[in-house]
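Fold and contact review
As a plain string of letters, each chain reads:
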Amino acid sequence: MEGGVRRICFTLQVRPELLEEYRRRHAAVWPEMLAALSAAGWHDYSLFLRDDGLLVGYFLTSDLDASLAAMEATDVNARWQADMAPFFVDLPDGRPDRGFVVLDEVFHLA
């Protein structure tokens, strides 16, 4: 890891019938949510969506647990997670930020 920064990649499954609405919502993410993510240490954050609903997320952070905890402490995150939850399949706690599966990095070319 360069300079203590870790690359995080995760997956979730979006309900296929809600793909277009999911795309629409992410074309206009709340400014307050964007500011909270940045302040919590989420950097270079991208989401990729396949036609069958597979969502792959990627971001950089120096401390995943601290970044997640910082988001957990914000009101905007609770509102965003509640708003996004219906879009996803198989959320153990009913929240996308608690249901994503972090993938192990097996290769990186810098």
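Structure's up top.
Scope of this entry: the structure provided in the associated data block. (Residues numbered from 1 in each chain as written. Predicted model: local features only at pLDDT ≥ 70, side-chain atom pairs only at ≥ 80, totals over all residues. Heavy atoms only, no water.)

Here's the deal with the sheet that holds strand β2 (residues 43-49)
Our working rule: By this definition, two strands are paired if DSSP reports at least two bridges between them. A run of DSSP states H or I qualifies as a helix once it reaches four residues; a run of E qualifies as a strand once it reaches two. Both are numbered from the N-terminal end.
Strand order in the open sheet formed by four strands is β2-β3-β1-β4, and the pairing between neighbours is antiparallel. Whereas interior strands pair on both sides, the edge strands pair on one side only; in this sheet they are β2 and β4 (101-102). Sheet analysis places strand β1 (residues 6-13) next to strand β3 (residues 54-61), joined by eight bridges and oriented antiparallel. Residue pairing in the sheet places Thr11 in a bridge with Val56 of β3.

Notes on the packing of aromatic side chains
Convention followed: Only the six-membered ring of Trp is used, alongside the rings of Phe and Tyr, when aromatic pairs are assigned; centres must lie within 6.5 Å, and planes under 30 degrees apart are stacked while those over 60 apart are edge-to-face, with the rest tilted. The cut-offs for exposure are 20% and 50% of the maximum accessible area for each residue type, with area from a 1.4 Å probe on protein chains only; residues under the lower value are buried, those over the upper are exposed, and the others partly exposed.
Evaluated as defined, the whole model comprises nine aromatic pairs. For the pair Trp42 and Phe59, a centre-to-centre distance of 4.0 Å together with 15° between the ring planes defines the contact as stacked. You can see Trp42 sitting in the loop between α2 (31-39) and β2 and its partner Phe59 sitting in strand β3, a full 17 residues away along the chain. Residues Trp42 and Phe59 agree in their burial class; the two are buried. Here the aromatic cluster, defined as three or more aromatic residues joined through ring pairs, consists of Phe10, Trp42, Tyr45, Phe59 and Phe100.

Describing the pairing of β1
Summarising the sheet, β1 and β4 pair through two bridges and their orientation is antiparallel. Across the sheet, residue Phe10 finds its bridge partner in β4, namely Val102.

With respect to the environment of Asp104
Structurally, Asp104 is set in the segment after β4. By relative accessible area, Asp104 is classed as exposed at 72%. Remark: the alpha-carbon pair of Asp104 and Asp44, spanning 60 residues in sequence, is separated by 18 Å.

What to know about the environment of Pro16
Its place among the elements puts Pro16 in the loop between β1 and α1 (19-26). Under the relative-accessibility criterion, Pro16 is labelled partly exposed at 48%.

Remarks on the layout of surface pockets
Condition: A cavity, in this analysis, means grid points on a 1 Å lattice covering only the protein atoms where a 1.4 Å probe fits yet has no way out; a pocket is instead an open set bounded by protein on both sides within 12 Å along at least five of seven lines, and a residue lines either one if it has an atom within 4 Å of a point. Grid points are joined across faces, edges and corners, and a volume is the space filled by probe spheres set on the points.
Here the largest pocket defines a volume of roughly 480 Å³. Around the largest pocket, the lining comprises 25 residues; the ones closest to its centre are His26, Leu37, Tyr45, Leu47 and Trp80. Elements with a contribution of two residues or more to the lining of the largest pocket: β1, α1, α2, β2, α4 (75-84) and α5 (96-99).

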